Amino acid sequence: MSGPVTDADTAPVAELAKAEERTLEVGDSRETQVGTVWVRRALPRRERRTVGAWCFVDHFGPLSVTEDAGMSIGPHPHIGLQTVTWLLAGEIEHHDSLGSEQVIRPGQLNLMTAGAGIAHAEEHTGNYRGEMQGVQLWVAQPQATRQGAAAFEHHPELPRVDLQGGTATILVGAFGDGLSPARRDTDHVGIELVLGPGTTLLPLQPEYEYALVVLDGSISVGERLITPGHLAYLGDGRDEIDLAATARTRALLLGGIPFDEPVLMWWNFVGRNREEFETAYRAWAEHSDRFGDVRSGLPRVAGSPPLWSRRPSG
Ligand code: MN
C-alpha cells in the first residue's frame, strides 16, 4: 500500500538529506612506535594531511609507567612547526636547546615553536608512577614565521568554557567567549572536550574545517559512533554540531582555516621542499649551531639521511 507524500512527510526527509550532505569522514589512526611508546597517529594520513594548520596528531597511552621507565625520547630536531603537548595522565619533563626545562602535568600546555630550528628531549620526571596518557600535536608554521626564531611557552592554566553537557578547555585559539593565551601563527583552534552522558551542542565557525579525535569514551555524530583510534573529519561550513555521549568521554576538537601552503613532512621536519629537509638533516648530523644543544641524560636521536638523497649502492 502506498499513500500520498505530504509536506509532513517530506520535511523531515529534506532535513535528513541536508544533514547527510555535511562532510563526515571517519579514518583509522595508524599504530606506530615513538621511542618505546606505541601511539595512534590520527594525522597525517594518506587521505588527510592537514586540518587547518594541524598536521600531526599522536595519541599515546593509557600505559603504566614507573619512576625510571616512562617517556624517554632523546634530543631530536624540529623545523617549521609548533609542538603542542597535552597530558590526560602522568607527567613529562621537557628540555630544549633554548635552555627551557619544564615539567608538564595534566591540564597544562607546552607549546614549542621550532621556526628555523630547535632541538628537544621529552623525559620521565623520575618521580611519577602510574598511568600515562596524552597527545602530541604539530601545527604547521606559515611562511611568515617558519624560518624565524624558536620559542617555548608553558601555560599552567587554560581558559574553560562550560557546555550544556560538559566542559571545553581551550588549548589554542578562541572558542565561545574564551581565548587561549597560547601563541598562534595561523587562524586555528584546539579544544579538549570532557562530556558527560547526553547531547552537547557545540558552536562552530563555518569558515573553519574541523576534526574530532576521541581519546576515551565515544561520541556519536548523527548515526556515526566515533571511538579512540580514529580521526573524524567534519569538513567546513558548519555553524554548530551535536555530539552525543553515553558515558564520560574526552575528545579533541581541532579546526582552522584550511592551510593554503603546501605542507611536506619528513622525519621531524615540516617544510616546502626536499632541499630544506636535506639541509636541516645535515645540520643536525653535523651538530651545527642551527639546532644547538639540549641538556639531557638521553642519547641524541641520530635519524637517517633522506632516502632520496642516498647514493645508490652497488
Ligand atoms: Mn619532538
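Keep in mind it's a predicted model, so treat the numbers as computed, not measured. (Residues numbered from 1 in each chain as written. Predicted model: local features only at pLDDT ≥ 70, side-chain atom pairs only at ≥ 80, totals over all residues. Heavy atoms only, no water.)

Peer 1: Just to check I follow, could you spell out the coordination of the manganese ion for this structure?
Peer 2: The textbook angles at a metal center are 109.5 degrees for a tetrahedron of four donors and 90 or 180 degrees for an octahedron of six. Within the first shell, the manganese ion binds the protein through His76 (NE2), His78 (NE2) and His120 (NE2), at distances of 2.1 Å. Of note, the manganese ion draws all its donor residues from one chain, in the sequence arrangement H-x1-H-x41-H. One end of the pair, histidine 78, is in strand β5 (residues 72–78); the other, histidine 120, is in strand β10 (residues 118–123), with 42 residues separating them in the sequence. Across the pair, exposure class does not vary: histidine 78 and histidine 120 are buried alike. (Donors = N, O, S within 2.8 Å, 3.2 Å for Na, K, Ca; no water. Helix = DSSP H or I, 4+ residues; strand = E, 2+ residues; numbered from the N terminus. Buried < 20%, exposed > 50% of the residue type's maximum accessible area, 1.4 Å probe, protein only.)

Peer 1: Got a minute to help me understand the sheet that holds strand β24 (residues 249–256) in this structure?
Peer 2: Sheet strands associate in pairs through backbone hydrogen bonding, adopting either a parallel or an antiparallel arrangement. Strand order in the open sheet formed by seven strands is β1-β22-β19-β24-β17-β14-β13, with antiparallel pairing between adjacent strands. Edge positions in the open sheet fall to β1 (25–28) and β13 (160–163), since each of these has one partner strand only. Along the sheet, successive strands turn relative to each other by an average axial angle of 25°, direction set aside. One ladder, built from eight bridges, connects strand β17 (residues 188–195) with β24; its direction is antiparallel. The residue bridging glycine 190 from the neighbouring strand is leucine 254, located in β24. (Pairing = 2+ DSSP bridges. Axes fitted to C-alpha atoms, helices over the stretch in contact; angles between N-to-C directions.)

Peer 1: Honestly, unusual backbone geometry in this entry has me stumped. Any pointers?
Peer 2: Negative phi values dominate among residues other than glycine, just as trans dominates among peptide bonds. Of note, the amide linkage connecting leucine 43 to proline 44 takes the cis form, showing an omega dihedral of -10°. Looking at where proline 44 falls in the secondary structure, it is placed in the loop between β3 (37–43) and β4 (54–65). Despite not being glycine, tryptophan 267 has its phi angle at roughly 50°, a positive value. Counting through the fold element by element, tryptophan 267 comes out in the loop between β25 (264–266) and β26 (269–271). A positive phi is found at histidine 287, a non-glycine position, where the angle reads about 55°. The class of histidine 287 is exposed, set by a relative accessible area of 51%.

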